[in-house]
Amino acid sequence: MPELPEVETVRRGLAPVLEGATIERVELRRPDLRFPFSNRFAARLKGRRITALRRRAKYLLAEIDDGAVLLMHLGMSGSFRIEKEGARASRPIAGETLYYGTPKKDAHDHVVFHLKRRPRVVYNDPRRFGFMLLIRPKELDTHPLLLELGLEPTGNELSAEALAPRFAHRAAPLKAVLGDQRVIAGLGNIYVSEALWRAKLSPRRAAGTLVRSDGRPTERLQRLVGAIRAVIADAIEAGGSSLRDYVQASGELGLFQHRFAVYDRERKHCHRCGGTIRRIVQSGRSTFYCPSCQR
Ligand SMILES: [Zn+2]
């Protein structure tokens, strides 16, 4: 499943093609993805210009010149491909030959954005858990999908001071609280494990222990915030991880997966202390950590 750094990588890959582009037409090859396309979806986008491509948590937000916002989510297996005119006939682009997991099939190309004097942008999604919705800008804060999103892990609002009231008095383990979209938006299972390792904190530790009795953050919480930022920044820089079914918008695979410190490294040695990485299951999801140096 694409996580936040992958979505940001996709955004960065797509932005040079989409920003400022005029949509000649949108080709919908089926009536729905996870949700049906709205009635006038293609008609509303035809001839419109995309003014900006932003991201919030794991959502891509294309701002349209009539004030609408195209909200896109990659679901479990969604990816975008940038396709130059004639490229398919001469030579397949990397995205079609380099893949991880199931081969990309044309049958899974569900949406094609035909752009004026620019390459086509093709959305492929074998499992169809992704979706595209046209919403009004005033819905950005009130839409059910966006309403309860917590702090953006790459944004300025993420700080120990902002997290302290959300952690205070909570007996729930750090893993569960950090994975809660209402606390921090888009920090997935992989990056929660990685951030906790960097911060030397056990995923089982109660979240409330990172807040002092006067409500101020402890040094541990400061360290955790630094670790979250660093883990996400490194992953974005590495081009996103690619565990399965995921291809960067440029057609290249991410390079981050072999650099995980703990994720998917059960019984391997901890790079920091030489201890043995353990896997435990919390709220039905795997957590990886080093019991020797994460306390
Ligand atoms: Zn260790």
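A.B. asks: It is not clear to me how the coordination of the zinc ion should be interpreted in this structure. Could you clarify?
C.D. replies: Note on metal geometry: ideal angles are 109.5 degrees for four donors arranged tetrahedrally and 90 or 180 degrees for six donors arranged octahedrally. Protein ligation of the zinc ion involves Cys270 (SG), Cys273 (SG), Cys290 (SG) and Cys293 (SG), the donor distances falling in the range 2.2 to 2.3 Å. Around the zinc ion, the four donor atoms sit at angles spanning 99 to 117°, and that spread fits a shape best called tetrahedral. Spacing between the donor residues of the zinc ion along the chain follows C-x2-C-x16-C-x2-C. In this pair, Cys273 is assigned in the loop between α9 (219-237) and β9 (278-282) and Cys293 in the segment after β10 (285-289), connecting sequence segments 20 residues apart. In this structure Cys273 comes out as partly exposed when scored by relative accessible area, which is 37%.

A.B. asks: Quick question: what am I supposed to make of the packing of aromatic side chains here?
C.D. replies: Overall, the coordinates contain seven aromatic pairs when judged by the stated rule. Aromatic side chains Phe80 and Tyr123 sit 5.0 Å apart centroid to centroid with 55° between the ring planes, which places their arrangement in the tilted category. Taken as a pair, Phe80 in strand β5 (residues 79-83) and Tyr123 in strand β7 (residues 120-124) lie far apart in primary sequence, 43 residues in all. Assigned by exposure class, Phe80 and Tyr123 land together as buried. Here the aromatic rings of Tyr191 and Phe260 are separated by 6.3 Å at their centres, their planes lie at 75°, and the arrangement is edge-to-face. In this pair, Tyr191 is assigned in helix α8 (residues 189-198) and Phe260 in the loop between α9 and β9, connecting sequence segments 69 residues apart. You can call Phe260 buried: its relative accessible area is 3%. Within the aromatic cluster, the residues linked to one another by ring pairs are Tyr191, Phe260, Tyr263 and Phe288. We note Arg272 situated over the ring of Trp197; from NZ or CZ to the ring centre the distance is 4.1 Å.

A.B. asks: Mind showing me how you'd approach the environment of Phe80 here?
C.D. replies: Residue Phe80 is classed as buried on the basis of its relative accessible area of 3%. When the C-alpha positions of Phe80 and Val121 are compared, they lie 6.6 Å apart, and in sequence the two are 41 residues distant.

A.B. asks: Please clarify how the pairing of β7 should be interpreted in this entry.
C.D. replies: Every other side chain in a regular strand lies on the same face of the sheet, so the side chains alternate between the two faces. For β7, the buried fraction is high: five of the five residues fall into the buried class. Residues Arg120, Val122 and Asn124 line one face of β7 and the alternating positions Val121 and Tyr123 line the opposite face, and both faces are buried. As judged from the five bridges shared by β5 and β7, these two strands associate in the antiparallel manner. Bridge pairing in β7 places Arg81 opposite Val122. The pairing of strand β6 (residues 109-115) with β7 spans four bridges and is antiparallel. Bridged to Val112 within β7 is Val122. Linking β6 to β7, which pair antiparallel, is a turn of four residues; within it Arg117 sits at a positive phi near 55°.

Rules and cut-offs
Residues numbered from 1 in each chain as written. Predicted model: local features only at pLDDT ≥ 70, side-chain atom pairs only at ≥ 80, totals over all residues. Heavy atoms only, no water. Donors = N, O, S within 2.8 Å, 3.2 Å for Na, K, Ca; no water. Tetrahedral: all angles 85-135°; square planar, octahedral: opposite > 155°, others 65-115°. Helix = DSSP H or I, 4+ residues; strand = E, 2+ residues; numbered from the N terminus. Buried < 20%, exposed > 50% of the residue type's maximum accessible area, 1.4 Å probe, protein only. Phe/Tyr/Trp six-rings, centres within 6.5 Å; stacked < 30°, edge-to-face > 60°. Lys NZ or Arg CZ within 6 Å of the ring centre and 35° of its normal. Pairing = 2+ DSSP bridges.

Read these as geometric descriptors, not functional statements.
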